[in-house]
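# Structural features, examined
Residues per chain, in single letters:
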Amino acid sequence: MTIRITPEEILRQREFSQKVRDIFSAREELPLAHVHTFGCQQNVSDGEKIKGMLSEMGFGFSDSPENTDIVIFNTCAVRENAEDRVFGNLGALKHDKAKNPDMIIAVCGCMVEQEHIVERIKKSFPHVDIVFGTNALHTLPELIYRELNEKKRIFSVPKEGGVIAEGLPISRESVISANVPIMYGCNNFCSYCIVPYVRGRERSREKSEIIKQVKQAVESGAKDIWLLGQNVNSYGKELGTNFAELLRAINSLSGEFRISYMSSHPKDATKELIDAIAECEKVTRHFHLPVQSGSDRVLKLMNRHYTRENYLEIVEYIREKIPDCSLTSDIIVGFPGETYDDFKETLSLVERVKFDSLFTFIFSLRKGTKAEELPDPVTAEEKGKWFRELLALQEKIGTDMYEKYVGQTFRVLCMGEGRTDASLLTGKTPQNVIVDFAGEKELIGSFVNVRIDKALNWALLGTIIR
Ligand code: SAM
Ligand code: SF4
Ligand code: F3S
């Protein structure tokens, strides 16, 4: 069940923000917050709302927890190492709290949607003051107010339904890029994945709300719009609309800006959608289409609802319609029961498709998922060997893929200073490929034409053509 938070409730939370502001206004210096977001772009987007609400409460921000009034860890549960990192960081906060007992420590996000994690925090991390789930994000002002007054541990992880809260303040991490969630949750239950359990059922935002947010972002200087959802291709089902319609509507807004999206599920990547993308000139020429495995047997065990052949057909159609597009993907190595023969199918698919780049992960067992029931006889060492084999193959392919851009000129969105060389600028081609080039800092946030001179294996080097 979708719970749409009423404007009255948002107003009530704003009143709590004012009350928190009043408490701190008795002090001379600004209260400080440290917000650490782990995980995917959806979580980054939640982090921007957390910071927006904290700003309204009068907080300034610090890059480290030291000497702050509140620390918030916005967590990710997708793999074990993501959770280990959070626990490591939480442990380290014990010293900060000992030095500064008034500091409020809060943990939110996907991890705390799991009961065993909440139990562990209750028992082993007594210095954590507030735990709040993804459905309680909009109540942060009230939770902080209560904590300041009552000084008791608060656990607020509402389980009934999935929330959509409109009208929260947003403090964007970047002026140029804007994250715009279009839907929350996931219904797919891929057998390895924790996301449907921690983010709840799929629910879409109203098209009018999304368009309003995109317009505001563009008016305030955003040029790189990211539409976010765990499976954007199934946007709008319950609202009688679809992702293609949404893309067309955003594409028709005025201004020079780009539209990207993350993530799309191959099972819902229809020809109609690919046609819409091809027609929308503002939509990036970039498909991130997670394949996970090249073996039909493993894809079935993963509950992905497509075959290797289906995937290859989609890729063929995309390349026929948008020949200059880039293609990236996610792959899991070492799914329970995967054999070396299955893995070779993944290698051969990678060789055949030739992705621009890949996000590769070794399978991580998540409590409560279907994959937990499957026998997993392959050792970690063996999986590590396969993983390195895949990386080596992709490195070779990636370099060849980047070579094809040399000599071509692209309209590049200038994003900032070069990451490895601050005397250069860095930008993104319409394929979302990174290119570094010499230019004046004033160009940051604008579009320039850049000719590609050289391909490195992580980026391109180019020259501005005026
Ligand atoms: N909704 C997106 C989709 O289906 O494409 C992906 C979301 S997930 C946050 C990002 C990636 O993490 C997945 O595509 C998958 O490759 C990887 N992943 C998810 N669960 C995993 C697990 N248990 N172990 C290893 N990798 C995992
Ligand atoms: Fe996880 Fe699959 Fe949903 Fe992606 S589509 S979030 S991998 S269950
Ligand atoms: Fe992690 Fe939650 Fe995203 S589990 S990947 S932060 S949706």
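Residues numbered from 1 in each chain as written. Chains lettered and ligands numbered in written order. Predicted model: local features only at pLDDT ≥ 70, side-chain atom pairs only at ≥ 80, totals over all residues. Heavy atoms only, no water.

## What to know about the site of ligand 3
Our working definition: Consider each residue's heavy atoms; a residue with any of them within 4 Å of a molecule or strand counts as near. Side-chain classes are defined by residue name, with Ala, Val, Leu, Ile, Met, Phe, Trp, Tyr, Cys and Pro counting as nonpolar, Asp, Glu, Lys and Arg as charged, and the others, Gly among them, as polar.
Lining the immediate environment of ligand 3, one finds Cys40, Asn43, Cys76, Ala77, Val78, Cys110, Arg199 and Gln230. Across the shell around ligand 3, the residue classes break down as five nonpolar, two polar and one charged.

## Considering the site of ligand 2
Surveying the vicinity of ligand 2 reveals the residues Cys186, Asn188, Phe189, Cys190, Tyr192, Cys193, Val195, Pro196, Gln230, His265 and Arg304. Per-class residue counts for the shell around ligand 2 are seven nonpolar, three polar and one charged.

## Examining the sheet that holds strand E18 (residues 425–428)
Going by this rule: We treat two strands as partners when DSSP finds at least two bridges between them. Helix and strand definitions here come from DSSP, where helices need a minimum of 4 consecutive H or I residues and strands a minimum of 2 consecutive E residues; each element is numbered from the N-terminal end. Angles run from 0 to 180 degrees between N-to-C directions of axes, and those axes are lines fitted to C-alpha atoms, restricted for helices to the stretch in contact.
The five strands are arranged E17-E18-E19-E21-E20 in a closed barrel whose pairing can be described as mixed. Ignoring strand direction, the axes of neighbouring strands in this sheet form an average angle of 55 degrees. For strand E19 (residues 434–437) and strand E21 (residues 460–464), the ladder comprises three bridges, and the chain directions are parallel. In the sheet register, Asp436 faces E21, and the bridge partner there is Leu461.

## A closer look at the packing of aromatic side chains
To keep things clear, this is the line we draw: Classification of ring pairs rests on two measures: the distance between centres of Phe, Tyr or Trp rings, Trp counted by its six-membered ring, which must be within 6.5 Å, and the angle between planes, read as stacked under 30 degrees, edge-to-face over 60 and tilted in between. Exposure classes here rest on a 1.4 Å probe applied to the protein chains alone. A residue is buried below 20% of its type maximum, exposed above 50%, and partly exposed in between.
On inspection of all chains with the given rule, the structure shows 15 aromatic pairs. A centroid spacing of 6.4 Å and a plane angle of 85 degrees characterise the contact between Tyr192 and Phe335, whose relative ring orientation is edge-to-face. With Tyr192 in the loop between strand E10 (183–184) and helix H6 (195–199) and Phe335 in the loop between strand E15 (326–333) and helix H12 (340–353), this residue pair connects regions lying 143 residues apart in the sequence. As far as burial versus exposure is concerned, Tyr192 and Phe335 are alike and both buried. Ring centres of Phe343 and Trp386 lie 5.4 Å apart, and the angle between their planes is 15 degrees; this geometry places the pair in the stacked category.

## Description of empty space enclosed by the protein
Stated precisely, the cut-off is as follows: Each cavity reported here is a set of points on a 1 Å grid over the protein atoms alone in which a 1.4 Å probe fits but cannot get out, each pocket an open set with protein on both sides within 12 Å along at least five of seven lines, and each lining residue one with an atom within 4 Å of a point. Grid points are joined across faces, edges and corners, and a volume is the space filled by probe spheres set on the points. Throughout, the edges of the domains are those of an automatic or database domain assignment.
If you walk through the whole model with that rule in mind, you get five cavities of 30 Å³ or more. Around the largest cavity sit 14 residues that line it, and Asp46, Thr134, Leu137, Val163 and Tyr184 are the ones nearest its centre. Of all elements in the fold, only helix H2 (41–56) and strand E8 (162–164) reach the threshold of two or more residues within the lining of the largest cavity. Of the residues assigned to the lining of the largest cavity, the class counts are six nonpolar, four polar and four charged. Looking at which domains feed residues into the lining of the largest cavity, each of domain 1 (2–163) and domain 2 (174–284) gives three or more.

## A word on the domain arrangement of the chain
Note the threshold: Residue contacts are counted whenever heavy atoms from the two residues lie within 4.5 Å of one another. In this description, buried area is defined as the sum, over both parts, of the accessible area (probe of 1.4 Å) that is lost when the two are combined. Throughout this description, a polar contact denotes any pair of N or O atoms lying within 3.5 Å of each other; where both atoms belong to protein, one of them has to be capable of donating a hydrogen while the other can accept it, and for residues adjacent in sequence the pair is counted only when both atoms sit in side chains.
Domain parsing of the chain yields domain 1 (2–163), domain 2 (174–284), domain 3 (286–404) and domain 4 (409–464). Relative placement of domain 2 and domain 4: their C-alpha centres are 26 Å apart. At the junction of the two partners, domain 2 supplies ten residues and domain 4 supplies twelve residues. Both sides of the domain 2 and domain 4 interface together cover about 910 Å² of buried area, and 54% of this is carbon and sulfur. The largest contributions to the domain 2 side of the interface with domain 4 come from Ile176, Glu256 and Arg258, which together make up 60% of the buried area. For the pair domain 2 and domain 4, the interface holds six residue pairs in polar contact (both at pLDDT 80 or more). Of all the secondary structure elements, the ones that give two or more residues to the side of domain 2 that touches domain 4 are strand E12 (224–228) and strand E13 (258–262). Per-class residue counts for the side of domain 2 that touches domain 4 are three nonpolar, three polar and four charged.

## Digging into the packing of helix H1 (residues 7–25) against helix H5 (residues 140–150)
The axes of two packed helices give the description: the angle between them and the distance between them. Inclusion rule: Just so you know how the angles are binned, under 35 degrees is roughly parallel, over 145 roughly antiparallel, 65 to 115 roughly perpendicular, and the rest oblique. For any pair of crossing helices, the crossing counts as left-handed if the nearer helix is rotated counterclockwise from the farther one by less than a right angle, and right-handed if it is rotated clockwise.
Across the interface, H1 lies against H5 with an axial gap of 7 Å and an inter-helix angle of 40 degrees. Overall, the two elements H1 and H5 adopt an arrangement that is oblique. Considering how the two elements wind past one another, H1 and H5 form a crossing that is left-handed. On H5, the residues touching Glu9, Arg12, Gln13, Phe16, Ser17, Lys19, Val20, Ile23 and Phe24 of H1 are Leu140, Pro141, Glu142, Ile144, Tyr145, Leu148 and Asn149. Of the residues belonging to the contact of H1 with H5, the class tally is nine nonpolar, three polar and four charged.

## Here we look at the nonpolar core
Let me state the cut-off plainly: The criterion is simple. A nonpolar core is a set of buried Ala, Val, Leu, Ile, Met, Phe, Trp, Tyr and Cys residues joined through side-chain atoms within 4.5 Å.
If you look at the biggest cluster of nonpolar residues, it comprises 60 residues, and the most contacted ones within it are Val214, Ile225, Leu227, Phe243 and Ile250. Residues from two domains meet in this core; each of domain 2 (174–284) and domain 3 (286–404) gives at least three. Counting 28 residues, the second largest nonpolar core, distinct from the first, contains Val20, Ile130, Ile144 and Ile154.

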